[in-house]
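So the chains spell out like this:
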Amino acid sequence: ILNVEQSPQSLHVQEGDSTNFTCSFPSSNFYALHWYRWETAKSPEALFVMTLNGDEKKKGRISATLNTKEGYSYLYIKGSQPEDSATYLCACSMNTGFQKLVFGTGTRLLVSP
Amino acid sequence: DTEVTQTPKHLVMGMTNKKSLKCEQHMGHRAMYWYKQKAKKPPELMFVYSYEKLSINESVPSRFSPECPNSSLLNLHLHALQPEDSALYLCASSRDRNTGELFFGEGSRLTVL
């Protein structure tokens, strides 16, 4: 059974702080790692899809890294803004291909002005 | 148009009712998905359709019946549900079964009385 774990469960930071979250997954038979951002009452929005060990991706102030050998990914937010407040979901698929994504429970981020 | 539209947003039904959830996308995506999310839990995959054919059924009870009438539409027919089936039902699509990024709808919040 594929188990995807995220930490911390929740995080409260001040505007301007930089922060990071962790996603852990089994390193064997890895296929792809996704990060999604989910604001309340909206739809989850894809941030990154990564497949290669050592992948680093960046979108504005948000970046992510991937270590498939040890089974973890980090998501970084530089200079957090109140509009970054959301739940950040990590999802992983194994060698069955992209389709069967298993999600973690998410990290809920609250950024106070 | 990059939206996945789900209707209804909220549905309350009795255990003897028959109802349907609908999902529509006009991005030309050929893979569509149903996920179920209960409170404080990660989204769980239910079904995957690829080119209008059922590709994955994650051992979902037969009281949930998916249907993909064409490449833009995905339905989830509900019959004889139980109160424990109350959850947020998320629809998603991707370009095809091998393209990882999922585009999600906002979900249909189902309450079974």
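In the block above lies the structure referred to throughout.
Residues numbered from 1 in each chain as written. Chains lettered and ligands numbered in written order. Predicted model: local features only at pLDDT ≥ 70, side-chain atom pairs only at ≥ 80, totals over all residues. Heavy atoms only, no water.

Chemist: Would you mind showing me how to read the overall build of chain A here?
Modeler: On a plain count of helices and strands, chain A comes out with zero helices and 11 strands. For chain A, the sequential pattern of α-helices and β-strands runs β-β-β-β-β-β-β-β-β-β-β. Expressed along its principal axes, the backbone C-alpha trace of chain A runs to roughly 45 × 30 × 20 Å. When each of the 113 residues of chain A is scored for burial, the buried share is 50%. For chain A, the share of sequence-separated contacts (at least 6 apart) that also reach a separation of at least 24 residues comes to 55%. (Helix = DSSP H or I, 4+ residues; strand = E, 2+ residues; numbered from the N terminus. Buried < 20%, exposed > 50% of the residue type's maximum accessible area, 1.4 Å probe, protein only. Contact = heavy atoms within 4.5 Å.)

Chemist: Any chance you could explain the sheet that holds strand β7 (residues 64–70) of chain B here in plain terms?
Modeler: Within a sheet, neighbouring strands are paired by backbone hydrogen bonds and run either parallel or antiparallel to one another. All names here are of chain B. The four strands lie next to each other as β1-β3-β8-β7, forming an open sheet whose pairing is antiparallel. Both outer strands of the open sheet, β1 (4–7) and β7, are each paired with one neighbouring strand and no more. Across the sheet, the mean angle separating the axes of adjacent strands is 20 degrees when strand polarity is ignored. Two strands pair when backbone bridges link them, and β7 and strand β8 (residues 73–79) are joined in this way by five bridges, in the antiparallel orientation. Bridge assignment links Ser 65 to a residue of β8, and that residue is His 77. (Pairing = 2+ DSSP bridges. Axes fitted to C-alpha atoms, helices over the stretch in contact; angles between N-to-C directions.)

Chemist: Even after reading the chapter, I still don't get the interface of chain A and chain B, so can you show me in this structure?
Modeler: Interface size is commonly expressed as the accessible surface area that is lost when the partners come together. Each partner contributes residues to the interface: chain A has 17 residues there, and chain B has 23 residues. Linking chain A to chain B there are one salt bridge. Taken together, the connections running from chain A to chain B amount to three residue pairs in polar contact (both at pLDDT 80 or more). Ranked by residue count, the leading element in the side of chain A that touches chain B is strand β4 (residues 30–38) of chain A, at three residues. Taken together, the residues that form the side of chain A that touches chain B break down as 10 nonpolar, five polar and two charged. (Salt bridge = Lys/Arg side-chain N within 4 Å of Asp/Glu carboxyl O. Polar contact = N/O pair within 3.5 Å; in protein donor to acceptor, adjacent residues only side chain to side chain. Nonpolar A, V, L, I, M, F, W, Y, C, P; charged D, E, K, R; others polar.)

Chemist: Help me understand unusual backbone geometry in this model?
Modeler: For the bond from Ser7(A) to Pro8(A), the omega torsion is -5 degrees, close enough to zero to count as cis. Relative to the assigned elements, Pro8(A) resides in the loop between β1 (5–7) and β2 (10–14). Pro8(B) follows Thr7(B) through a cis peptide bond whose omega is -10 degrees. Inspection of the secondary structure assignment puts Pro8(B) in the loop between β1 and β2 (10–13). Positive phi is not limited to glycine here, since Glu52(B) has a value of about 65 degrees. Summarising the element assignment, Glu52(B) is placed in the loop between β5 (44–50) and β6 (53–57). For Glu52(B), a relative accessible area of 30% gives the class partly exposed.

Chemist: How do you make sense of the sheet that holds strand β3 (residues 19–24) of chain A when you look at a structure like this?
Modeler: All names here are of chain A. Taken in spatial order, the five strands make up an open sheet running β1-β3-β8-β7-β6, and their pairing is antiparallel. The outermost strands of the open sheet, each flanked by one partner alone, are β1 and β6 (56–59). Mean inter-strand twist for the sheet, computed between neighbouring axes without regard to direction, equals 15 degrees. Here six bridges tie strand β7 (residues 62–67) to strand β8 (residues 72–77), and the two strands are oriented antiparallel to one another. Among the inter-strand pairings, Ala 64 is bridged to a residue of β8, identified as Leu 75.

Chemist: Could you clarify how one ought to interpret the state of the cysteines in this entry?
Modeler: Each disulfide consists of a covalent bond between the sulfur atoms of two cysteine residues. Residues and elements named next belong to chain A. All told, the structure shown has two disulfides over all chains when counted by the stated rule. Each sulfur in the disulfide pair Cys 23 and Cys 90 lies 1.8 Å from the other. Across the S-S bond linking Cys 23 and Cys 90, the dihedral sits near -50 degrees, which makes this disulfide left-handed. Here Cys 90 lies in strand β9 (residues 86–94) and Cys 23 lies in strand β3, a separation of 67 residues in the sequence. (Disulfide = S-S within 2.5 Å.)

Chemist: Would you explain the packing of aromatic side chains in this entry?
Modeler: As enumerated under the stated definition, the model contains 10 aromatic pairs over all chains in all. Their ring planes at 45 degrees and their centres at 5.3 Å tell us that Phe21(A) and Tyr88(A) sit as a pair that is tilted. With Phe21(A) in strand β3 and Tyr88(A) in strand β9, this pair connects stretches of sequence that are 67 residues apart. For the residue pair Phe21(A) and Tyr88(A), the accessibility class agrees, reading buried in each case. What links up through ring pairs into an aromatic cluster is the set Tyr36(A), Phe103(A), Tyr35(B) and Phe104(B). (Phe/Tyr/Trp six-rings, centres within 6.5 Å; stacked < 30°, edge-to-face > 60°.)

Distances and angles like these do not, on their own, reveal function.
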